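Chain by chain, the residues:
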Amino acid sequence: MKFPNAFRGIKKIWLAELLMLLFVAASIISVVVAVTNSSLVDEKVVLNSSAETTVGLLVIVTGLLVLVAFVLNLVGLINARTDDSAFRIALLVTLLGIAASVVQVIWSKNQGLVKWMDTLTTIFSMFATYYVLTGIANLAEKLSDSATKALALKSRTLVEGTFCATAIFKLIINIFKIQETSTIYLIISIVALVLELVSYILYLRALSKGKKMLAQ
């Protein structure tokens, strides 16, 4: 094994992204449950009791998934950074994303700021993913694995495309101040979640290929 640190790191990042894939799937389910079991009372969306319980449980589960995925991803980047400089950049961008998330939590009552920080977090995630895939491509070149390098670069293009689309949708919501109770907000949110789901699947495929390459 020529790059043991990168192998350990990518293995953890792969697991983190698998958990994030489950998180996005659960988020889509919670949105569907909320939409199909809600009513409008005094211009506010109100869930029935069973739907409220279901959504509440999904929120707890997704929160745990995100926490575990966050730790795994961070540790994975710390491991991998010693074998290629691209992983160091990915780690730096990830730390900036964490800072944006902290701002979201501290000023959670400021919904406008929260939405902008969420968009910024998506952008930081996009760059982190870009550099992780670049790191895999760099290592594949060093190991003369043209197939893995080609897959990493192709996945990088596709994943960045979906991330850009998601970021644009979130910017549209922020710029035009679309209300959360509106139909257009719901449509944009679901499309953004589906795009995130696609990006995680593509990312996982490249990470899996890189993990197998480095295990040899």
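In this text the structure is predicted, and so the values were computed from the model without any measurement.

With that settled, the discussion passes to the overall build of the chain. Per the secondary structure count, the chain includes 6 helices and 2 strands. Of the regular secondary structure in the chain, the N- to C-terminal order runs α-β-β-α-α-α-α-α. Looking at the chain residue by residue over its 216 residues, the buried ones come to 43%. Put simply, 74% of the contacts in the chain that link residues at least 6 apart link residues at least 24 apart. When the accessible area of the chain is evaluated, it comes to approximately 11,500 Å², of which 69% is carbon and sulfur surface.

Once that is clear, we can look at the environment of Ile-28. Relative to the assigned elements, Ile-28 resides in helix H1 (residues 4–36). Along the primary structure Ile-28 and Ile-190 are separated by 162 residues, whereas in three dimensions their C-alpha atoms are 6.9 Å apart. Filtering out sequence-adjacent residues up to four positions away, Ile-28 remains in contact with Leu-193, Val-194 and Leu-197.

Now for the confidence of the model for the chain. When pLDDT drops low, the exact placement of atoms in the prediction is not to be read closely. With 89% of its residues at a pLDDT of 70 or more, the chain has an overall mean of 86. Within the chain, the element-level pLDDT minimum falls on strand S1 (residues 38–41), averaging 47, and the maximum on helix H3 (residues 85–106), averaging 93. Taken together, the stretch residues 39–45 has pLDDT below 50 and engages in 7 contacts with residues farther than four places along the chain or on a different chain.

What follows concerns the pattern of salt bridges. All chains considered together, the criterion is met by 4 salt bridges. Between Asp-118 and Lys-170 there is a salt bridge whose closest N-O contact spans 3.2 Å. Of this pair, Asp-118 sits in helix H4 (residues 111–142) while Lys-170 sits in helix H5 (residues 146–175), and the two are 52 residues apart along the sequence. Judged by its relative accessible area of 30%, Asp-118 falls in the partly exposed class. Looking at Lys-170, the relative accessible area reads 14%, which means it is buried. One salt bridge connects Glu-141 with Lys-149, and the closest N-O pair in it is separated by 3.5 Å. Lys-149 sits in the partly exposed class, given a relative accessible area of 27%.

On to the nonpolar core. One finds Phe-87, Val-132, Ile-136, Leu-139, Tyr-203, Leu-207 and Leu-214 to be the most contacted residues of the largest nonpolar core, which totals 27 residues. Here the element with the most residues in this core is H4; it accounts for 7 residues. Setting aside residues no more than four positions away along its own chain, Phe-87 makes contact with Ile-10, Leu-77, Ala-80, Arg-81, Val-132, Gly-135, Ile-136 and Leu-139. One finds Leu-19, Ile-28, Leu-193 and Tyr-200 within the second-largest nonpolar core, a separate group that totals 12 residues.

Procedures and definitions
Residues numbered from 1 in each chain as written. Predicted model: local features only at pLDDT ≥ 70, side-chain atom pairs only at ≥ 80, totals over all residues. Heavy atoms only, no water. Helix = DSSP H or I, 4+ residues; strand = E, 2+ residues; numbered from the N terminus. Buried < 20%, exposed > 50% of the residue type's maximum accessible area, 1.4 Å probe, protein only. Contact = heavy atoms within 4.5 Å. Areas by Shrake-Rupley, 256 points an atom, 1.4 Å probe, with all protein chains shown as cover. pLDDT = per-residue confidence, 0-100. Salt bridge = Lys/Arg side-chain N within 4 Å of Asp/Glu carboxyl O. Core = buried A, V, L, I, M, F, W, Y, C linked by side-chain atoms within 4.5 Å.

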